Structure formats: structure tokens, C-alpha cells
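Reading the structure
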Amino acid sequence: MTLHLPDANGTLRAYEPRTEPLATTPGAPFTSRTVFSAAHVVADPYADTTPDSPAAVDWDATLAFRRHLWSHGLGVAEAMDTAQRGMGLDWAGAAELIRRSAAEAKAVGGRIACGVGTDQLTGGTLAEVRAAYEEQLAVVEESGAQAILMASRALAATAQGPDDYLEVYGHLLRQAAEPVILHWLGPMFDPALEGYWGSSDLDAATGTFLEVIAAHPDKVDGIKVSLLDAQREVDLRRRLPQGVRCYTGDDFNYPELIAGDEQGFSHALLGIFDPLGPLAAEAVRVLDTGNTEGFRALLDPTVELSRHLFQAPTRFYKTGVVFLAWLAGHQSHFTMVGGLQSARSLPHFARAYELADGLGLFPDPKLAEERMRTLLHLYGVTP
């Protein structure tokens, strides 16, 4: 049946939903690239909470979604910004998420890496920032997961310059039990991270970032770059020490970065692979055969959806990710921790539905249509 979807001007337009999903099948991990999907958390819709309350998580649905990603061969990047770290999920909730997901990964044989930050702090000295990082690193390592050293709001607020970043990261890398992934999250994802690595000049910041890696190449498995600047990522990955991987976090330009060029390629750690999981996995398996054109043919059409979900204010992309998980049947409701389901508009949701449906992302297109119709009715849209 026809849906009437509102555009940005408030005009309703007719849309005929797709009737068949894209055919994808679960499969083994990939051979040509290491690929992580950052994963969202599912809120408990029956909890009596407020936006300022600790997160109430539906653990069964949250872990079921991770099993879905693992079944398609994807790794899970846990307790990252996609899981609303610092936007509804506090450190206590993140620590519980890490422990539960790492245990689940061990039970099913899934790959997992978990975010290590300082979000138990609101400020503090450099020594307190180091101690907060150490506390979280211990939780991740004790869980058996790989560590991702995330950018720290507290460090950004406390550091006086590049030397403070070199000192803190050097201290952490020296004590890390296994090689970690370093995460550079740009201010478009979190405005509190402006000037990270000691400078708002990205060339200077890149120099400090590379200095950290060069001092401890044996402790850095790779870097995850989320600056939404494809050429800067390419330039950076060409300057990495031998054996240090680049995991693209560029949700605007990921197909070309993963495909690579004659001088190298990026692996992936992406929030957009939460809704794209099965399709992305299918594309990477095509790439595993050496068929770059087939890979791009599958993944390039997804970029319009990704750019829509990650449009400014980019940090609210999580709302679209959870919205699509609801439409796809991965959860029974569209409720988010912190009440973040209110962070995007009805026209934004309508366009996200249209783009995702056009890609065949919904396993049950009829269910997605019914849920979209319900949302439209809640907003007062009638045929």
C-alpha cells in the first residue's frame, strides 16, 4: 500500500514500499579486510526513567543484535559512541555492556573490541585522566576483549598541549597487555573533542598522533579515524608504521577507502555497518574474491543513506541507526536511552525509511511498512 511521506517542506508525497528484501546469507569472517560494526544498545521501554537517569537496557535484545552481526562475519565494536557513550550510557552501563557482550562473543566465537575512555570523569588532572583510562582498560582486558582507546573529553579539557597527549597515551600503551586500536573521533561527532591531540590544526594534530604510534608500534594494532575527510585518511594511512592498520570510521566515504588503491586500503570500524550489516558483509565477501567493482556496486548505493543518517548534527546519527533497527525487526520499539529518539525529525525518519527500503535492508518489508505507518499516524499524518 502507498505511504505518504513528508519532505523537509512539510509536503506529503506518495511512496510505494519495496516488496522483497535484498537476498543475503550469514557467513564466515572475511579474508581480505578486518571489519567491525559499532553496535547500538536497545533500551528497556518499560523502565520508569528520565533523560538524566542511568540507562535502562534491554539486555536480551541488545545481545541478540550482536549475535546478528556476528552471524554475518562482522566483528563488534562495543561500547563506542554508537552505543551512546556519553549520550545516555554512562560508564557503569558501559562496563556492564562490555562484560555481557564479551562473554557472549566468547560463547559464539565472535570477534569483539571494546571502547576504553574516561567517561566516569567530568574533569580532573592528568593523573586522574590516566587513572580513569586505566580503570576502563582493566575492565576490557579482564573481559577478554581487545581494547579501543577512545578519545577523552576529560583529556581534551585538561591537556595543555601535545606533550600531555604523548604522556597519557604513552603511559597507557606501555601497560596494555595486547595491541590496541587508537580512536580519533572528530568534533563533528563530539564537539567536546575540538583540538584533540593538542591542536585544532589537523596537520599538527596528525603529527602528534603519529608520534604516539611511532613510539609504540608493537602496542598499536591499528587506528580508527572518524574525521569524514577521505584524503586526510589516505594520507594518514600511508604514513603508518609497517603492520599498523587503518580502520576507516568515515561514514561518508567508506566504499572507496575500504576498496583502497595501489598503495593500500583501509579496514573498517563503522557505525553505519550497524544497519548495513548483512549487505556490507555481502560486499566484503565479494571483495575477498578480488572483485573490487562488484564490491563497489553493492556498497556505493548505500552512501546516500549513510550521509543522510550522519548529516549535521552528526552526533545524532544514533537516532537513525536505532530507528532502522526497529523497522528491521531487531527490536520491538523505537525507544532510546536518554530519550534520544526525539533527536531527529519526522521528515528525516521518512527519508531514512525510503532510502533503506530502496536498498532492501528490511528482512520483512511489510513489517517495516506497518511500523513506518504507525509512526506517521503518531505524528498526525493520515492518508
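This write-up is about the structure you can find in this document. Just so we're clear, the structure is a prediction, and the values are computed from it rather than from any experiment.

Further remarks concern the packing of helix H1 (residues 59-71) against helix H2 (residues 91-108). Two packed helices can be described by the angle between their axes and the distance between those axes. Between H1 and H2, whose axes approach to 10 Å, the crossing angle comes to 45°. Our classification of the angle between H1 and H2 gives oblique. Considering the relative orientation of H1 and H2, their crossing is right-handed. On H2, the residues touching Trp 59, Thr 62, Leu 63, Arg 66, Arg 67 and Trp 70 of H1 are Gly 93, Glu 96, Leu 97, Arg 100, Ser 101, Glu 104, Ala 105 and Val 108. Each residue belonging to the contact of H1 with H2 can be placed in one class, and the counts come to six nonpolar, three polar and five charged.

The end-to-end C-alpha distance of helix H5 (residues 162-175) is 20 Å, a good match for the 20 Å that 14 residues give at a rise of 1.5 Å each. Within H5 the residues assigned to the buried category are Asp 164, Tyr 165, Val 168, Tyr 169, Gly 170, Leu 172 and Leu 173. Against helix H3 (126-143), strand S6 (146-149), helix H4 (153-158), strand S7 (180-185), helix H6 (202-215) and strand S8 (220-226) lie the buried residues of H5.

Another aspect to go through is the packing of aromatic side chains. Overall, the coordinates contain 20 aromatic pairs when judged by the stated rule. With a centroid separation of 4.8 Å and an interplanar angle of 40°, the aromatic rings of Trp 197 and Phe 209 are classed as tilted. With Trp 197 in the loop between S7 and H6 and Phe 209 in helix H6, this residue pair connects regions lying twelve residues apart in the sequence. As far as burial versus exposure is concerned, Trp 197 and Phe 209 are alike and both buried. Their ring planes at 50° and their centres at 6.3 Å tell us that Phe 323 and Trp 326 sit as a pair that is tilted. With Phe 323 and Trp 326 both in helix H12 (residues 317-327), this residue pair falls three residues apart, about one helical turn. Its relative accessible area of 8% is what places Trp 326 among the buried residues. Lying over the aromatic face of Phe 265, Arg 33 brings its terminal NZ or CZ to 3.5 Å of the ring centre.

The subject of this paragraph is H1. Since the α-helix packs 3.6 residues into each turn, any two residues three or four apart lie on the same face. For H1, spanning 13 residues, the distance from its first C-alpha to its last is 18 Å, which sits close to the expected 18 Å at 1.5 Å a residue. Listed in full, the buried residues belonging to H1 are Trp 59, Ala 61, Thr 62, Leu 63, Phe 65, Arg 66, His 68, Leu 69 and Trp 70. Among the structural elements, strand S3 (35-38), strand S4 (75-78), H2, strand S5 (112-116) and helix H9 (273-288) are those in contact with the buried residues of H1. Here H1 starts with a cap whose side-chain oxygen sits 3.3 Å from the backbone nitrogen of Asp 60, and that cap is Asp 58. With its phi angle positive at about 90°, Gly 73 sits one or two positions after the end of H1.

Taken together, the eight strands give a closed barrel; going around it, the order is S3-S4-S5-S6-S7-S8-S9-S10, and neighbouring strands pair in parallel fashion. On average, each strand axis in the sheet is tilted by 25° relative to the strand beside it, whichever way the strands run. Pairing analysis gives three bridges linking S3 to strand S10 (residues 267-270), with the strands arranged parallel. Bridge pairing in S10 places Ser 37 opposite Leu 270.

By the alternation rule, side chains of S6 split into Gln 146 and Ile 148 and Ala 147 and Leu 149, which are all buried. For the segment spanning S5, H3 and S6, crossover handedness is right-handed. Bridge analysis of S6 against S7 gives two bridges, and the strand direction is parallel. From the neighbouring strand, Leu 149 faces S7, where its bridge partner is Leu 182.

Below, the discussion takes up the side chain of Thr 302. Of note, Thr 302 is situated in the loop between helix H10 (292-299) and helix H11 (303-309). Residue Thr 302 is classed as buried on the basis of its relative accessible area, which comes to 0%. With residues up to four places along the chain from it excluded, the contact list for Thr 302 reads Tyr 254, Leu 276, Leu 279 and Leu 359.

Glancing now at the environment of Gln 120. Examined against the element boundaries, Gln 120 turns out to sit in the loop between S5 and H3. Considered as a pair, Gln 120 and Ala 132 are twelve residues apart in the sequence and their alpha carbons are 7.0 Å apart. Leaving out residues up to four positions away in the same chain, Gln 120 has contacts with Trp 91, Ala 132, Glu 135 and Gln 136. Polar side-chain contacts of Gln 120 include one of 3.2 Å to the backbone oxygen of Ala 132.

The next subject is the layout of surface pockets. Approximately 400 Å³ is the volume found for the largest pocket. In terms of lining, the largest pocket is formed by 22 residues, of which the most central are Arg 85, Gly 86, Asp 119, Arg 153 and Asp 190. Taken together, the elements giving at least two residues each to the lining of the largest pocket come down to H4 and S7. Its residues assigned to classes, the lining of the largest pocket comprises eight nonpolar, eight polar and six charged.

Rules used throughout
Residues numbered from 1 in each chain as written. Predicted model: local features only at pLDDT ≥ 70, side-chain atom pairs only at ≥ 80, totals over all residues. Heavy atoms only, no water. Axes fitted to C-alpha atoms, helices over the stretch in contact; angles between N-to-C directions. Helix = DSSP H or I, 4+ residues; strand = E, 2+ residues; numbered from the N terminus. Parallel < 35°, antiparallel > 145°, perpendicular 65-115°, else oblique. Left-handed = near helix turned anticlockwise from the far one by under 90°. Contact = heavy atoms within 4.5 Å. Nonpolar A, V, L, I, M, F, W, Y, C, P; charged D, E, K, R; others polar. Expected span 1.5 Å × (residues − 1). Buried < 20%, exposed > 50% of the residue type's maximum accessible area, 1.4 Å probe, protein only. Phe/Tyr/Trp six-rings, centres within 6.5 Å; stacked < 30°, edge-to-face > 60°. Lys NZ or Arg CZ within 6 Å of the ring centre and 35° of its normal. Polar contact = N/O pair within 3.5 Å; in protein donor to acceptor, adjacent residues only side chain to side chain. Pairing = 2+ DSSP bridges. Right-handed = clockwise from strand over helix to strand, strands pointing away. 1 Å grid on protein atoms, 1.4 Å probe; cavity = no way out; pocket = protein on both sides within 12 Å on 5 of 7 lines; lining within 4 Å. Points joined across faces, edges and corners; volume = space filled by probe spheres on them.

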